[in-house]
Amino acid sequence: MDFNFSEEQEILRATVREFAQREIAPRIPEMIQKRRIPHEIIAGMKRLNLLGMTVPEIYGGMGADAVTTAIVAEEIAAADPTVSIPVMFLVHNAWSYLLAKYANRELAAEILPSVARGDKLTGIASTEPNFGSDLGSMTTVAVKSGSGYTINGEKSFISLVRDIRELGGGYVTVAKTDPGKGTAGITLFYLPDNEKSIEITSLEEMGREGSTWGALRFKNYVTESRNVLGKVNEGFKIVHEGFEFARALISVISVSTAMTCLNNGIEYMKSRKAFGQPIGKFQGLQFQLADHMARMEAARTVGYKALWMYDQEQKHGSFSRFQISKQVATAKLLSTVWAFDAINDALQWHGAYGYTRYNPQELALRGIRSFQLAEGSREIMKMIIARESLGRDFFKQ
Ligand SMILES: Cc1cc2nc3c(=O)[nH]c(=O)nc-3n(C[C@H](O)[C@H](O)[C@H](O)COP(=O)(O)OP(=O)(O)OC[C@H]3O[C@@H](n4cnc5c(N)ncnc54)[C@H](O)[C@@H]3O)c2cc1C
């Protein structure tokens, strides 16, 4: 076993850390005020090719693996406690990876160079107003018409909707091509955003101040067959490769955000005095800190193992998809729940200051809470772990 990152990965980490601390961290107040990610930050990420990380080099991307992508995600998360920029980074890169892997040659040649440059952002349109976890029950349909498909339906709670509309891009979209067949009748499409056929409605969210979020209504969206990703009716299996990548990235982002708050807490504990001594001398707080530090170390290790397994499976087929699902679910479950608890205690150590608006702990608490739902809820993570432990017979309806 080798727990070291490569020299190239360490250089990339140092470059991104320097960029994130210099160009992202100081602009968080502006992002919160405008509720949008400043264009200069996006331009900086493009400059470093961070929006093309997972697109193959032949299309102008970095062709990075999941572990390397996670290193960048960690550094961005350390600079943005709201998790808005990490979310943009992870959604775009995880789903662009899937797009690049499953797009046919024609679609890939047309779309991937601009995706790699970050000129087109990639989102995921799966959840609907009435169905989220239960993909087989979705009602968005893609009906064969001429040489392509016509898509109708509504998706909701979709991240990046306004960014994609304003900056350009499209969605990896989950739709039913054979509605009678449940999950065996689902197909994935890449659907470029298009004002004529996609109506968007914004939603206000609890945290993630710089993010945009909303609903999409597909109104007779006509697409060519070449926009199918992979094979018709095999979308259920394929989409989980995207969810797994995104979930594994969420695990390291959650730990990174929580570590920023714990480090803020450590500094505060050293300087804030009560009853004649720094509050860091009270064993009650020391033990809380120790529990969180131990959990963060464990969660980060489990998260990186999930990313490493994902890479091994993608490159060499060394693990089964189910082994990946279980490891990824373990990482997402532990990291998102433990990170929320760690941030909550770090907020508490700051006393009343912790409860003031827009301090890093308050921002992080609201932002990180989204990860117990987004890209698969914590209950679904438990279902996956239980299913892989007990066996599938226990999950037949
Ligand atoms: C901030 C944020 C960003 C998001 N971004 C996107 C996006 O970009 N694209 C996208 O497609 N979706 C997105 N989502 C939606 C997200 O993927 C869903 O919220 C999630 O999959 C859960 O689906 P749901 O909300 O419909 O809840 P439901 O599936 O209706 O579930 C409701 C509750 O019941 C629980 N539950 C469901 N089934 C079971 C079961 N069998 N056993 C035990 N408990 C169960 C769930 O865990 C949940 O707590 C986002 C959500 C959030 C909060």
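Being a predicted model, the structure only gives us computed values, none of them experimental.

Novice: Mind laying out the nonpolar core, listing which residues take part and the relevant values?
Specialist: General note: in soluble globular proteins, nonpolar side chains tend to be found buried as a group. Judged by nonpolar contacts, the single largest core of 116 residues is most densely connected at Ala-73, Ile-76, Leu-90, Leu-99, Leu-249 and Ile-343. Take this core: its biggest share by element is 14 residues, from helix α8 (residues 235-271).

Novice: Describe the packing of helix α10 (residues 321-349) against helix α11 (residues 360-369), naming the residues involved and giving the relevant values.
Specialist: Two quantities define a packed helix pair, namely the angle between the axes and the distance from one axis to the other. Where α10 meets α11, the axes come as close as 9 Å, and the angle between the chain directions of the two elements is 160°. As the angle between them shows, α10 and α11 are arranged roughly antiparallel. As for how α10 packs across α11, the hand of that crossing is left-handed. For the pair formed by α10 and α11, the contact residues are Ala-339, Phe-340, Ile-343, Asn-344, Ala-346 and Leu-347 on the first element and Gln-361, Glu-362, Ala-364, Leu-365, Ile-368 and Arg-369 on the second. Of the residues contributing to the contact of α10 with α11, the split by class is 8 nonpolar, 2 polar and 2 charged.

Novice: Talk me through α11; I want residue IDs and the actual numbers.
Specialist: Within α11, 9 of the 10 residues are buried, which leaves the element mostly enclosed by the surrounding structure. For α11, the full list of buried residues reads Pro-360, Gln-361, Glu-362, Leu-363, Ala-364, Leu-365, Gly-367, Ile-368 and Arg-369. Residues of α11 that are buried make contact with α8 and α10.

Novice: Describe the site of the ligand, and please don't skip the residues or the numbers.
Specialist: As a structural note, the neighbourhood of the ligand is formed by 21 residues, with Ser-126, Gly-132, Ser-133, Ser-377 and Glu-379 the closest of them. When contributions to the shell around the ligand are tallied by element, the ones reaching two or more residues are β1 (121-125), β3 (148-159) and α12 (378-390). Residues belonging to the shell around the ligand are distributed by class as follows: 8 nonpolar, 9 polar and 4 charged. Lining the shell around the ligand are residues from two domains, each supplying at least three of them: domain 2 (122-229) and domain 3 (235-395).

Novice: Which residues make up α8, and what values go with them?
Specialist: In this model, α8 (37 residues) spans 54 Å end to end at C-alpha, consistent with the 54 Å of a helix rising 1.5 Å per residue. Counting buried residues in α8 gives 26 out of 37 residues, a clear majority hidden from the surface.

Novice: Talk me through the domain arrangement of the protein chain; I want residue IDs and the actual numbers.
Specialist: Taken domain by domain, the protein chain consists of domain 1 (7-117), domain 2 (122-229) and domain 3 (235-395). Each of domain 1 and domain 2 has a C-alpha centre, and the two are 22 Å apart. At the junction of the two partners, domain 1 supplies 24 residues and domain 2 supplies 17 residues. For the side of domain 1 that touches domain 2, the secondary-structure elements that each account for two or more residues are α2 (28-34), α5 (84-102) and α6 (105-117). With 11 residues, α5 is the largest single contributor of residues to the side of domain 1 that touches domain 2. Grouping the amino acids of the side of domain 1 that touches domain 2 by side-chain chemistry returns 16 nonpolar, 5 polar and 3 charged.

Novice: An account of the pairing of strand β5 (residues 186-192) is requested, with residue identities and associated values reported.
Specialist: The two faces of the sheet receive side chains in turn, since in a regular strand these alternate between them. The buried fraction of β5 is high, at 6 of 7 residues. Pairing between β5 and strand β8 (residues 228-229): 2 bridges, direction antiparallel. What sits directly across from Phe-189, in β8, is Val-228.

Novice: Outline the pairing of strand β2 (residues 141-145), supporting the account with residue identities and numerical values.
Specialist: Bridge count between β2 and β3: 5 bridges; the pairing is antiparallel. For Lys-144, the partnering residue across the bridge sits in β3 and is Tyr-149. As consecutive antiparallel partners, β2 and β3 are separated by 2 residues, and within that stretch Gly-146 has a phi angle of approximately 60°, a positive value.

Novice: Which residues make up unusual backbone geometry, and what are the values?
Specialist: One non-glycine residue, Asn-49, lies in the positive phi region at around 65°. With respect to the helices and strands, Asn-49 occurs in the loop between α3 (39-47) and α4 (66-79). The phi angle at Asn-220 is positive, at roughly 50°, despite the residue not being glycine. Of note, Asn-220 is situated in strand β7 (residues 213-224). According to the C-beta neighbour criterion, Asn-220 is exposed, with 11 such atoms within 10 Å.

Criteria and thresholds
- Residues numbered from 1 in each chain as written.
- Predicted model: local features only at pLDDT ≥ 70, side-chain atom pairs only at ≥ 80, totals over all residues.
- Core = buried A, V, L, I, M, F, W, Y, C linked by C-beta atoms within 7 Å.
- Buried ≥ 20, exposed ≤ 12 C-beta atoms within 10 Å, placed from the backbone.
- Helix = DSSP H or I, 4+ residues; strand = E, 2+ residues; numbered from the N terminus.
- Axes fitted to C-alpha atoms, helices over the stretch in contact; angles between N-to-C directions.
- Parallel < 35°, antiparallel > 145°, perpendicular 65-115°, else oblique.
- Left-handed = near helix turned anticlockwise from the far one by under 90°.
- Contact = placed C-beta atoms within 7 Å.
- Nonpolar A, V, L, I, M, F, W, Y, C, P; charged D, E, K, R; others polar.
- Near = placed C-beta within 6 Å.
- Domains from an automatic or database assignment.
- Expected span 1.5 Å × (residues − 1).
- Pairing = 2+ DSSP bridges.

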